[in-house]
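# Breakdown of the fold
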Amino acid sequence: MATRHSQGLARLAVAPSVIILFLWMIVPLVMTIYFSFLRYNLLNPDIGGWAGFSNYYYFITDDSFPGAVLNTLLLVASVIAVSVIGGLGLALLMDQPFWGRGFVRLLVISPFFIMPTVSALVWKNLLMNPIYGLFAYLQELVGLTPLDWFAKVPLLSVAIIASWQWLPFAALIILTALQSLDEEQKDASAMDGARFFSYFRYIMLPHLARPITVVILIETIFLLNIFAEIYVTSVGGLAGNLTYLVYFQGLLNFDIGEASAGGLIAVVLANLVSIFLVRVIGRNLEI
Amino acid sequence: MSRIELNAVRKNFGTLSVINGVDLDIYDGGFTVFVGPSGCGKSTLLRLIAGLEDLTSGHILIDGRDVTELGPAQRELAMVFQSYALYPHMSVRNNIGFPLKMAKQSEAVIDAKVRKAAETLNLKDFLDRRPGQLSGGQRQRVAIGRAIVREPKAFLFDEPLSNLDAALRVQMRLEIMQLHKSLGATMVYVTHDQVEAMTMADRIVVLNQGRVEQVGSPLELYDRPKTLFVAGFIGSPKMNFISGALASKHGAATIGIRPEHVQIGDASGAIHATIRIAEHLGSDTFIHVDSADLGAMTVRATGNIEAAPGTALSLTLDPARIHRFDASGQAIF
């Protein structure tokens, strides 16, 4: 790619994919922006025309809006905290030599391959159900009153389900990074008098800064849009996030205009969070 | 500043025996080199001394104190690794200061000692750089700096020059030797390169298959190798080994003669040979010859001499320089 000629050829060669990707992104975005300024309610198809900013105004002043923003942020923060700290611990354990390590790693990663809808159903019906769930059974076994998870602690329940799915992802990324840590550095730090805690603090954590940053950024992107777990466990009314609120406006209230406006507000929020994260931890990605 | 003693040291990895009972006395202030082919256990022996591996049996004493059960840090030794093992996310300053920080020294003390080490090693201008921004030789110096700030009882080097190019290797070799002179510290150095061993060592320990073959000064090993293995390992080009009728005439199973102790003459001499190939180094010429009586031989001639392949010549072996070995490979003196 050294010469101007070959650069030009390279641009030409990648152009079709870039153009398709660009259209793929820009057409839905432009349509959403267009809808968000229309009076577009499926229950009142006769009323049309421009709505100005009223869709945005109604979405933001909706009673559920502040709660939805808070739930969105709480979900992202708690699941990231659990998966990074727990993933670090799991990775440290799985990095130790023990019999059947390969099999254990396979088991640990498996939750990540289960569809969110399926795992939410499993948690809802087999584990957290207050009547015949496993947790209820265990609580009754020790004489406690079974907890009705989705009614009493809806947000915590969703956070637990999402953490269960994302913990393996974090553990796997951190584990691979741990395995790329030079053994001689461990030896060198042992010669230098570093005990495990110092080794962890001064050698291991800095080495893991980059993979942890990647985990946080990727999880943020996916967790901002978490929906299946909330929808399947029917806690949207109690612990709905922004994505759920958009769904509620669009497919329960049939107000396409306001749902579009909500979607764009969610995009803005996602960008704010991303900018904040890149400012705070993006430095770790540079060498 | 200390003496290291190894008593009947053994190390097994599973069923594989890597070190088979080594007894060794490393003198105070000496420069001892462990040399041997790959897999002879020289690095393992160094790691055993460092405390990075546990002994299967035997004892290690430093200044008369049994350190067999102590961890690496309590042995107060410093080690320079083959890959340098610098901490990539720390500046040179923090790399060198790390052992002091671990020893909970005050900031002022750390700063002064790091500065002094950097001055000794010509690293003053690089203190705020990261290891990734340094050249190979500079990284090597940082690794040495990290070792000297602790003022250890002894320095352990594990093939520290093998990642450097040839010119830099010669230079770093000199620097390490100067460091040894100026610090007067005990140094143990592992290498597979016998030239490095010969040039740097006070004492060489030749290891083979987890055993000490011979311990001695470089010239002792060169002049009086105790075994066939040492004779073949020390010296470059390799010693010529001859068995058969000529060896029996000297009362040995095998005789050895170094390339520099074989004279070449015109084709009228007693032992006939033809030149196969000649390597011209300028100062020397290595001539590889085939002889009907002796087989393939290497001859070292001083200066740059004409040696066209296929030329017939004769060989004379310096009788005073012939090494004799019995059937089990032990030298007959």
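This structure is a prediction, so every number in the text was calculated from the model and none was measured.

## With respect to the overall build of chain A
Helix and strand content of chain A: 14 helices and zero strands. In sequence order, chain A lays out its α and β elements as α-α-α-α-α-α-α-α-α-α-α-α-α-α. Taken over the C-alpha trace, chain A has a radius of gyration of 24 Å; the compact-globule value for 287 residues is 19 Å, which it surpasses by more than 25%. If one aligns the C-alpha atoms of chain A with their principal axes, the spans along those axes are about 80 × 75 × 30 Å. Every one of the 287 residues in chain A was classed for burial, and the buried ones make up 32%. Counting contacts in chain A only where the partners sit at least 6 residues apart, residues at least 24 apart contribute 70% of the total.

## Things to note about the overall build of chain B
For chain B, the count of helices and strands is nine helices and 19 strands. Principal axes of the C-alpha set define a box for chain B whose edges measure 80 × 45 × 35 Å. Looking at chain B residue by residue over its 333 residues, the buried ones come to 40%. Considering only contacts within chain B whose residues lie at least 6 apart along the sequence, 63% involve residues at least 24 apart.

## Observations regarding the sheet that holds strand 12 (residues 254-257) of chain B
Residues and elements named next belong to chain B. Taken together, the four strands give an open sheet; going across it, the order is 11-12-18-19, and neighbouring strands pair in antiparallel fashion. The strands lining the two open edges of the sheet, one partner per strand, are strand 11 (240-243) and strand 19 (331-332). Alignment of strand 12 against strand 18 (residues 323-325), held across three bridges, turns out to be antiparallel. Bridged to I255 within strand 18 is R324.

## Quick word on the sheet that holds strand 5 (residues 65-66) of chain B
Residues and elements named next belong to chain B. With antiparallel pairing, four strands are arranged side by side in an open sheet as 2-1-4-5. Where the open sheet ends on each side, the last strands, each with one partner, are strand 2 (16-26) and strand 5. Both strand 1 (residues 4-13) and strand 2 contribute to a ladder of eight bridges, which runs antiparallel. Its bridge partner lying in strand 2, N12 is registered against S17. Lying over the sheet, helix 1 (residues 42-50) contacts strand 1, strand 2 and strand 4 (57-62), oriented at roughly 65° with respect to strand 2.

## Brief notes about the interface of chain B and chain A
Contacts between chain B and chain A engage 15 residues on the former and 13 residues on the latter. When contributions to the side of chain B that touches chain A are tallied by element, the ones reaching two or more residues are strand 6 (77-80) and helix 2 (92-102) of chain B. Here the side of chain B that touches chain A gets three residues from one element, more than from any other, and that element is helix 2 of chain B. Partitioned by chemical class, the residues of the side of chain B that touches chain A number 13 nonpolar, two polar and no charged.

## What about unusual backbone geometry?
Residues and elements named next belong to chain B. With an omega of -5°, the peptide bond between S236 and P237 qualifies as cis. In this fold, P237 is placed in the loop between helix 8 (228-233) and strand 11. Positive phi, normally seen in glycine, also occurs at D63, with a value near 50°. With respect to the element layout, D63 can be found in the loop between strand 4 and strand 5. Look at D63 and you get partly exposed, because 15 C-beta atoms sit within 10 Å.

## Comments concerning the domain arrangement of chain A
Domain assignment breaks chain A into domain 1 (1-27) and domain 2 (37-285). Here domain 1 of chain A and domain 2 of chain A have C-alpha centroids that lie 34 Å from each other.

## Some thoughts on the pairing of strand 4 of chain B
Residues and elements named next belong to chain B. When strand 1 meets strand 4, the two strands line up antiparallel, connected through five bridges. Across the sheet, residue R10 finds its bridge partner in strand 4, namely S57. Relative to strand 5, strand 4 is paired through two bridges, and the arrangement is antiparallel. The partner of I62 across the bridge, within strand 5, is R65. From the end of strand 4 to the start of strand 5, which pair antiparallel, there are two residues, and D63 there has a positive phi angle of about 50°.

## Concerning the packing of helix 3 (residues 65-94) of chain A against helix 10 (residues 196-224) of chain A
Residue and element names in this part refer to chain A. Running from N to C, helix 3 and helix 10 cross one another at 145°; their axes reach a closest spacing of 10 Å. As for the relative orientation of helix 3 and helix 10, their crossing is right-handed in sense. Here helix 3 contributes T72, L75, V76, V79, I80, S83 and V84 to the contact with helix 10, which in turn contributes I212, V215, I216, E219, T220, L223 and L224. Looking at the contact of helix 3 with helix 10 residue by residue, the class counts come to ten nonpolar, three polar and one charged.

## Focus on the domain arrangement of chain B
Residue and element names in this part refer to chain B. When its domains are assigned, chain B resolves into domain 1 (4-231) and domain 2 (237-332). In this structure, domain 1 and domain 2 have C-alpha centres spaced 37 Å apart. Counting residues at the interface gives six residues for domain 1, matched by eight residues for domain 2. Tallied by class, the residues present in the side of domain 1 that touches domain 2 amount to four nonpolar, one polar and one charged.

## Description of helix 3 (residues 107-120) of chain B
Residue and element names in this part refer to chain B. Taking 1.5 Å per residue as the helical rise, helix 3 with its 14 residues ought to reach 20 Å, and the 20 Å between its terminal C-alpha atoms agrees with that figure. Looking only at helix 3, the buried set comprises I110, K113, V114, A117 and A118. Projected down its long axis, helix 3 carries its buried residues within an arc of 135°, all on one side. Projecting away from the buried face of helix 3 at angles above 90 degrees are the exposed residues A108, V109 and E119. Where helix 3 is buried, its residues meet helix 2 and helix 4 (136-148).

## Notes on the pairing of strand 10 (residues 211-216) of chain B
Residue and element names in this part refer to chain B. Relative to strand 10, strand 9 (residues 203-208) runs antiparallel, the two being bridged by five bridges. Its bridge partner being in strand 10, L207 is matched across the sheet by V212. The turn joining strand 9 and strand 10, which pair antiparallel and follow one another in sequence, is formed by two residues; a positive phi near 50° is taken by Q209.

Cut-offs and rules
- Residues numbered from 1 in each chain as written.
- Chains lettered and ligands numbered in written order.
- Predicted model: local features only at pLDDT ≥ 70, side-chain atom pairs only at ≥ 80, totals over all residues.
- Helix = DSSP H or I, 4+ residues; strand = E, 2+ residues; numbered from the N terminus.
- Rg over C-alpha atoms; globule rule 2.2 N^0.38 Å.
- Buried ≥ 20, exposed ≤ 12 C-beta atoms within 10 Å, placed from the backbone.
- Contact = placed C-beta atoms within 7 Å.
- Pairing = 2+ DSSP bridges.
- Axes fitted to C-alpha atoms, helices over the stretch in contact; angles between N-to-C directions.
- Nonpolar A, V, L, I, M, F, W, Y, C, P; charged D, E, K, R; others polar.
- Domains from an automatic or database assignment.
- Left-handed = near helix turned anticlockwise from the far one by under 90°.
- Expected span 1.5 Å × (residues − 1).
- Arc of directions from axis to C-beta.

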